[in-house]
Structures are given as C-alpha cells and as structure tokens.
Amino acid sequence: MTTNNLIDNSRWQQRYTHPRIVSVQQAFHTPERGLMVIAINSVTRLHTWRKTDDVRTPLASVNNTDFGGIMPAGEAIIYHDGAHLLRCDFNGENVRDITPDLPDFSPISLSASLNGQMIGFTGVLPDGFSMYTLRADDVPQLLYKSTSPAYGPMLSYGAEVAVIAVSERKKYGDMSL
C-alpha cells in the first residue's frame, strides 16, 4: 500500500505554504491607505497598500513581525521588531526606534488617538504588564503596571481619556475597565 502523506507538495503540505491574511487595517482619516499582516511559510510580514481606482497597490513591506498598526492619518506605521516599537513612514522609509530606553519587551496592545498625537501600548516585561503612552518625539510615559494580565490603553480622540483593562481583582481572568 502506497501513501502520499509523505510526498513533498502533497495536499496537506500545500495548505501550510499558501499565504494567509492575518489582519487588515485601514487608516481612519485616509481609508484608501491600509496595512495587512500576511503569513507565508510561517514568516509574517507587514504590507502597506494604497487603493486607487479599485486597485490595491502594495507599497512597503516589513519582514518577520506580526505586530503593527497604521496611524489614523495613514502617514506612518508602528511595528515591533522583536525588541522595541519602531515607526516608519507609510512607504517604509525613515525607520526609527520610538522606545529606545525601554528594555526588550513583547507588545500585546497598540492604539492611537484619532488625532494622531499619542499612541498607547502594553509591553510584557519580566516583571509584568506595563502600559505606556507616547506623544510624538517624546519618551514613553508609564501609565500603569500590573503583575496580572492587563490590556490597553485605548485612547479617546484627543487622548484626554485612556481606558485600560486589568484582571487584578478578578478570580477567573475576567477583566475590569
């Protein structure tokens, strides 16, 4: 009896080599600009695209990251490089580390105020979950720290209000705002 389960490029193996769209985001103020996370052969990439005349043109690509977001005006991308958050122009140029003074961390949330003046993120560090806010060309400001799972901050339009979710007071991992 012959089996094709071990033959290279059999159907079950092909399933894992096809590109998979993980997430899609559009810029709030310029919805013709967007960001996609695509996984191909276990490698994730961020791709920016611009919609013109019903055609989406891929512009820039960042390899080996599955965490990122597009700013509300669509002018920039924020993404994680495995250690820090980086910011680049929509076309992938002018990359800079926006968290250079923080220790290496894994982000679990990222948000931006809709006026684009502030971002908020949670980084998982060895001592727990740390939430930060960051204004343009400034240093991250610690907003809240917890040893229990936490998420946020989600920012209001002008960043006057920040909503966070924490599980410190809950017995079964539920979150409180």
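A short tour of the structure in this document, coming up. Residue indices follow the written sequence of each chain, beginning from 1 at its first position. With the structure being a predicted model, the display of local features is reserved for residues of pLDDT at least 70 and the display and counting of side-chain atom pairs for 80 or more, all residues being used for whole-chain, interface and lining totals. Just so you know, side-chain values use all the structure's heavy atoms and leave hydrogens and water out.

1. Description of the pattern of salt bridges
The cut-off we apply is this: Put simply, a salt bridge is a Lys or Arg side-chain nitrogen that is within 4 Å of an Asp or Glu carboxyl oxygen. Put simply, DSSP marks the helices as runs of H or I at least four residues long and the strands as runs of E at least two long, and each gets a number from the N terminus on. Residue burial is assigned from relative accessible area. The probe radius is 1.4 Å, only protein chains are included, and a residue is buried under 20% of its type maximum, exposed over 50%, and partly exposed in between.
Evaluated as defined, the whole model comprises 2 salt bridges. Residue Glu75 pairs with Arg87 through a salt bridge whose shortest N-O separation is 3.3 Å. Taken together, the residues span a long stretch of sequence, with Glu75 in the loop between strand 5 (68–70) and strand 6 (76–80) and Arg87 in strand 7 (residues 85–89) at a distance of 12 residues. Across the pair Asp127 and Lys145 runs a salt bridge whose closest N-O atoms are separated by 2.6 Å. Here Asp127 is found in the loop between strand 10 (118–125) and strand 11 (128–135), whereas its partner Lys145 is found in strand 12 (residues 141–146), with 18 residues between them in sequence. With relative accessibility at 42%, the residue Asp127 sits in the partly exposed group. On the basis of relative accessible area, Lys145 is assigned to the partly exposed category, the value being 42%.

2. Let's talk about the pairing of strand 14 (residues 162–166)
Regular strands have side chains that alternate between both faces of the sheet. Filter applied, for reference: By the convention used here, strands pair only if DSSP detects at least 2 bridges between them.
Alignment of strand 13 (residues 150–155) against strand 14, held across 4 bridges, turns out to be antiparallel. Looking at the pairing, Ala150 lines up with Val166 of strand 14. Counted along the chain from strand 13 to the antiparallel partner strand 14, the turn is 6 residues long, and its residue Ala159 has a positive phi close to 65°.

3. Notes on the sheet that holds strand 8 (residues 96–97)
Taken in spatial order, the 4 strands make up an open sheet running 5-6-7-8, and their pairing is antiparallel. A single partner strand is all that each edge strand has here, and the edge strands are strand 5 and strand 8. Sheet topology places strand 7 next to strand 8; 2 bridges connect them, and they run antiparallel. Bridge pairing links Arg87 to Arg96 in strand 8.

4. Overview of unusual backbone geometry
Residue Pro153 follows Gly152 across a cis peptide bond; omega there is -5°. By the secondary structure assignment, Pro153 is in strand 13. Positive phi, normally seen in glycine, also occurs at Asn94, with a value near 55°. Position of Asn94 among the secondary structure elements: in the loop between strand 7 and strand 8. Of the residues examined, Asn94 reaches a relative accessible area of 56% and is grouped as exposed. Its identity is not glycine, yet Ala159 carries a phi of approximately 65°, on the positive side.

5. With respect to the nonpolar core
To be explicit about the condition: Among the buried residues, those of types Ala, Val, Leu, Ile, Met, Phe, Trp, Tyr and Cys that are joined through side-chain atoms within 4.5 Å form a nonpolar core. The contact criterion used is simple: two residues touch if any of their non-hydrogen atoms lie within 4.5 Å.
Counting residues in hydrophobic clusters, the biggest one holds 13 residues, and the most contacted among them are Leu85, Ile98, Phe105, Ile119 and Phe121. Listed by contribution, the elements that provide at least two residues to this core are strand 6, strand 10 and strand 11. In terms of residues, this core owes the most to one element, strand 10, which gives 3 residues. Leu85 has contacts with Phe67, Ile78, Tyr79, His80, Arg96, Asp97, Ile98, Thr99, Phe105, Pro107, Leu110 and Phe121, leaving out every residue within four places of it along the chain. Within the second largest apolar cluster, 11 residues are counted, among which are Leu35, Tyr79, Leu86 and Cys88.

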